[in-house]
Amino acid sequence: MNTEQVEAILTLANNKLSQHPEYESWMCFDGADVSPHGKIIPTFKTKDGKSGFLDEKYPVYQKVWIETASELNL
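Residues numbered from 1 in each chain as written. Predicted model: local features only at pLDDT ≥ 70, side-chain atom pairs only at ≥ 80, totals over all residues. Heavy atoms only, no water.

A.B. asks: Which parts of the structure should I look at to understand the overall build of the protein?
C.D. replies: Each helix and strand counted, the protein has two helices and two strands in total. Each helix (α) and strand (β) of the protein, taken in turn from the N terminus, gives the series α-β-β-α. Taken over C-alpha atoms, the radius of gyration comes to 12 Å for the protein, in line with the 11 Å a tight globule of 74 residues would show. Considered along the principal axes of its C-alpha atoms, the protein spans approximately 30 × 20 × 20 Å. Partitioning the intrachain contacts of the protein with sequence separation of at least 6 by distance along the chain shows that 46% fall at a separation of at least 24. Accessible surface, the protein: about 5,000 Å² in total, of which carbon and sulfur atoms supply 51%. Between the averaged position of the 7 positive side-chain charges in the protein and that of its 11 negative side-chain charges there is a distance of 4 Å. (Helix = DSSP H or I, 4+ residues; strand = E, 2+ residues; numbered from the N terminus. Rg over C-alpha atoms; globule rule 2.2 N^0.38 Å. Contact = heavy atoms within 4.5 Å. Areas by Shrake-Rupley, 256 points an atom, 1.4 Å probe, with all protein chains shown as cover. Lys, Arg positive; Asp, Glu negative; His and termini not counted. Charge placed at Lys NZ, Arg CZ, Asp CG, Glu CD.)

A.B. asks: Explain the environment of E56 here, please?
C.D. replies: Here E56 shows up in the loop between strand 2 (40-44) and helix 2 (58-71). Considering only alpha carbons, one finds E56 and T46, 10 residues apart in sequence, at a separation of 8.7 Å.

Following this line, the structure appears as structure tokens:
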């Protein structure tokens, strides 16, 4: 997977995220790590600017990412 493909996937995910009822203007997927096997692991912002799985908005990010990955058969 190349950089352009990952950026396109993140753009799609961010568009979906912006449509979520719990979306707030500071929320976004802000990058991703790609494993040697091609698995995309997105990074995201929290309100305080740090990524964190304990953030109250993590379930929203997780749901949107799963929907995006499923839609793209990733």
